[in-house]
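# Examining the three-dimensional arrangement
Spelled out from the first residue to the last, the chains are:
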Amino acid sequence: MVAQLTPGQKRSYEEQGYTLCPGLILPDDAAELQRAVEEMMAQAVGLPCIQTEMFDFEPSHTAEGAPRVRRIKRPDRHSEAFNRLLRNPRLMGVVAQLL
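Now for a look at the structure at hand. (Residues numbered from 1 in each chain as written. Predicted model: local features only at pLDDT ≥ 70, side-chain atom pairs only at ≥ 80, totals over all residues. Heavy atoms only, no water.)

## Side note on the overall build of the protein chain
- Within the protein chain, the secondary structure is distributed over five helices and two strands.
- Taken along the three principal axes of its C-alpha coordinates, the protein chain extends 50 × 30 × 20 Å.
- Burial status across the protein chain gives 24% buried among its 99 residues.
- Charge centroids of the protein chain, computed over 12 positive and 13 negative side chains, lie 5 Å from each other. (Helix = DSSP H or I, 4+ residues; strand = E, 2+ residues; numbered from the N terminus. Buried < 20%, exposed > 50% of the residue type's maximum accessible area, 1.4 Å probe, protein only. Lys, Arg positive; Asp, Glu negative; His and termini not counted. Charge placed at Lys NZ, Arg CZ, Asp CG, Glu CD.)

Shown next, in the form of structure tokens:
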């Protein structure tokens, strides 16, 4: 079943560039995505401060310390959980309402 956005949610998206959709991502799915982020972050440990196919690092990142990742590029290419999220019918139904 596709969640229907309220006029307020659509207005928020138009005015602010985002909207909140409580309950759109189920708790089990959110937990799986969190684990996937943790697994990807573990791969950043020990990498030098260079941009990679997977990571953009903060200038303060060092190979010796805890990873300082600015963003994970295309997490759907590095994680099956994120790949499934992009194809989630509930999410796509909401996105379709914003196009």
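## Here we look at the nonpolar core
- Counting residues in hydrophobic clusters, the biggest one holds eleven residues: Leu33, Ala36, Met40, Ala44, Met54, Phe55, Phe57, Ile72, Ala81, Phe82 and Leu85.
- Discounting residues that sit within four places of it in the chain, Leu33 has contacts with Ile25, Ala81, Phe82 and Leu85. (Core = buried A, V, L, I, M, F, W, Y, C linked by side-chain atoms within 4.5 Å. Contact = heavy atoms within 4.5 Å.)

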